Amino acid sequence: MSQVFLLDTTKKPLNPVHPGEARRLLSQGKAAVWRRFPFTIILKTDVVELVVHPLRLKLDPGSRTTGIALVNDASGQVVFAAELSHRGQAIKASLDDRRVVRRSRRRRKARYRKARWQNRRVPKGWLPPSLFSRIANVLTWVKRLSRLCAITAMSMELVRFDMQLMENPEITGVEYQQGTLMGFEVREYLLEKWGRTCAYCGATDRPLQVEHIHPRANGGTNRISNLTLACEKCNTAKGTQDIRVFLKKKPIVLEKILVQARRPLKDAAAVNATRWALLDRLKATGLPVETGSGGLTKFHRFQRKMAKTHWGDAACVGKSTPEVLKIDQIHPLLIRATGHGRRQMCVTDKFGFPKQHKGRKGTYLGYRTGDMVKAVTPKGTFQGRIAIRYRPSFILRKIDIHPKYMRRLHRVDGYEYR
């Protein structure tokens, strides 16, 4: 498992310790639990000043999930790993629902309201809420981890797909574009675009080859819109045939491939739209920030024979990646952004009419929905997240429990952990 963060009596970060050492400090009464997620302990007595080893925070930003890893560059030890799931899709859906309700209300002409068109201005660098939430989530965890350990540098995957190189493979002048990374850039993009399956037969359990939809022998180009993935059997069977001839008996598959070939990656577009904004905010922290491409990340992972995971990709970001990464028994902390509730005071039905009103208070008897508690009751011991009700009977694992039996373990902070 990941190492345990350790703080001194003044809440300054020390070197993370092995879980066994943390267990010993807790059992001997020399430390206490400071935070559950990520698990952090704080010493009760002063210790002799130790040399704190610097750590590098590595990030692999994604549209749906961001990989996080803390690496000791000197030893190659991965100290902490996490996978942060974003809620950009949920925010987009909520905004769509709000827009529908508002427009339907205005069209009913229940009241006069002057039309407002082209009178809204957004500041320079503005991002939609669904994209900005991804940046906010990453920055939140950068700040939290900075308070728990000695982070002296950061690495971030900035360019996921090198579009210029894929559009013009003959480009010259930059070394990495002429080396072995070029194949990794193109192949990684195709794996994401085509779902890591053979475009012709749908196979997923075999090696895939880069295939030209319109064969080069017949004038096809190396543009990314002319490339797909195929297994060796389908690639050999197609040969230099035109795709319409090869798939003459499979019109549905043919139509799907032709449409998908011209379809952009929505998730890749989200990453490309937020990468520079995230980089600027990381630089504003004052720490040196290293950047790397997605092809370089995959090259490092391939050289170190690591499995494809979000946190594993994060550990391989940038040129500073150690030659040997120690990832034994690393279990990433799974983090899912849930938000802090909604501000909507009146819940409406699908027609826009009110059906439920929310209370203004978010707490009751000191508890909030989402708090993690431990309840010792006459019927047994229960642990988990609670849903409050405005009466002394909260819901814990579908069971009604009185708050007098509860002890809070972790306050709700907008995230869920596993």
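Residues numbered from 1 in each chain as written. Predicted model: local features only at pLDDT ≥ 70, side-chain atom pairs only at ≥ 80, totals over all residues. Heavy atoms only, no water.

Draft legend 1. Summary view of the nonpolar core. Counting 37 residues, the largest nonpolar core has Leu-57, Ile-68, Leu-70, Leu-282 and Ile-335 as the members making the most contacts within it. Per-element accounting of this core gives the leading share, seven residues, to helix α3 (residues 129-148). In contact with Ile-68, other than residues within four places in its own chain, are Leu-57, Lys-58, Leu-59, Phe-80, Ala-81, Ala-82, Leu-84, Trp-141, Leu-145, Trp-311 and Ala-314. (Core = buried A, V, L, I, M, F, W, Y, C linked by side-chain atoms within 4.5 Å. Buried < 20%, exposed > 50% of the residue type's maximum accessible area, 1.4 Å probe, protein only. Helix = DSSP H or I, 4+ residues; strand = E, 2+ residues; numbered from the N terminus. Contact = heavy atoms within 4.5 Å.)

Draft legend 2. Main features of the sheet that holds strand β3 (residues 40-43). Reading across from one edge, β1-β3-β2 is the order of the three strands in this open sheet, with mixed pairing throughout. For this open sheet the edge positions go to β1 (5-7) and β2 (31-35), each flanked by a neighbour on one side alone. Strand after strand, the sheet turns through a mean of 35° between neighbouring axes, direction not considered. Looking at chain direction, β1 and β3 are connected through three bridges and run parallel. Across the sheet, the residue bridging to Leu-7 is Ile-42, located in β3. Sitting on the sheet, α3 touches β1, β2 and β3, and the angle it makes with β1 is about 60°. (Pairing = 2+ DSSP bridges. Axes fitted to C-alpha atoms, helices over the stretch in contact; angles between N-to-C directions.)

Draft legend 3. The packing of helix α2 (residues 88-107) against α3, seen in detail. Relative orientation of the contacting elements α2 and α3 amounts to 150°, with a least axis distance of 8 Å. Of the possible angle classes, the one that applies to α2 and α3 is roughly antiparallel. Of the two possible hands of crossing, α2 and α3 adopt the one that is right-handed. On α3, the residues touching Gly-88, Gln-89, Ile-91, Lys-92 and Leu-95 of α2 are Pro-129, Ser-130, Ser-133 and Arg-134. Split into classes, the residues belonging to the contact of α2 with α3 amount to three nonpolar, four polar and two charged. (Parallel < 35°, antiparallel > 145°, perpendicular 65-115°, else oblique. Left-handed = near helix turned anticlockwise from the far one by under 90°. Nonpolar A, V, L, I, M, F, W, Y, C, P; charged D, E, K, R; others polar.)

Draft legend 4. Focus on the side chain of His-410. Structurally, His-410 is set in strand β20 (residues 406-410). At 3.5 Å, the side chain of His-410 and the side chain of Asp-413 are in polar contact. Not counting residues within four places of it along the chain, the set of residues in contact with His-410 comprises Arg-35, Arg-36, Phe-37, Asp-371, Met-372 and Tyr-417. (Polar contact = N/O pair within 3.5 Å; in protein donor to acceptor, adjacent residues only side chain to side chain.)

Draft legend 5. How the structure looks around the environment of Asp-73. Among the secondary structure elements, Asp-73 is positioned in the loop between β5 (65-71) and β6 (78-85). Spatially, the C-alpha atom of Asp-73 lies 7.2 Å from that of Thr-321, the residues being 248 residues apart in sequence. Residues in contact with Asp-73, not counting those within four places in the same chain, are Arg-56, Ser-320 and Pro-322. Within the structure, the side chain of Asp-73 is placed 2.8 Å from the side chain of Arg-56, a separation counted as a polar contact.

Draft legend 6. The pattern of salt bridges, seen in detail. Here the structure, examined in full by the defined rule, presents 14 salt bridges. Residue Lys-238 is joined to Glu-211 by a salt bridge in which the shortest nitrogen-to-oxygen separation is 3.1 Å. Here Glu-211 lies in strand β8 (residues 208-212) and Lys-238 lies in helix α7 (residues 232-238), a separation of 27 residues in the sequence. Assigned by exposure class, Lys-238 and Glu-211 land together as buried. The residue Arg-389 makes a salt bridge to Asp-400 at a minimum N-O spacing of 2.7 Å. In this pair, Arg-389 is assigned in the loop between β17 (380-387) and β18 (394-396) and Asp-400 in strand β19 (residues 399-401), connecting sequence segments 11 residues apart. By sharing partners, the salt bridges in this structure join Arg-35, Arg-144 and Asp-413 into a single network. (Salt bridge = Lys/Arg side-chain N within 4 Å of Asp/Glu carboxyl O.)

Draft legend 7. Just the pairing of strand β11 (residues 333-337), in detail. Burial of the side chains of β11 is restricted to one face: Leu-333, Ile-335 and Ala-337 are buried, whereas none of Leu-334 and Arg-336 on the reverse face is. Direction of pairing for β11 relative to strand β21 (residues 415-417): antiparallel, over a ladder of three bridges. For Ala-337, the partnering residue across the bridge sits in β21 and is Tyr-415.

Draft legend 8. Here's a closer look at the packing of aromatic side chains. Within this structure, the stated rule accounts for eight aromatic pairs. Taking the centre distance of 5.4 Å and the plane angle of 50° together, the rings of Phe-5 and Phe-80 count as tilted. With Phe-5 in strand β1 and Phe-80 in strand β6, the pair connects residues that are 75 residues apart, well separated along the chain. Take Phe-5 and Phe-80: they sit in the same class, and that class is buried. With centroids separated by 5.8 Å and ring planes inclined at 75°, the aromatic side chains of Tyr-367 and Phe-394 adopt a geometry described as edge-to-face. Of the two residues, Tyr-367 sits in strand β15 (residues 367-368) while Phe-394 sits in strand β18, which places them 27 residues apart along the sequence. Like Phe-394, Tyr-367 is buried. Members of the aromatic cluster, joined through ring pairs, are Phe-37, Trp-141, Tyr-415 and Tyr-417. Sitting above the plane of the Trp-141 ring, Arg-144 keeps its charged end 4.9 Å from the centroid. (Phe/Tyr/Trp six-rings, centres within 6.5 Å; stacked < 30°, edge-to-face > 60°. Lys NZ or Arg CZ within 6 Å of the ring centre and 35° of its normal.)

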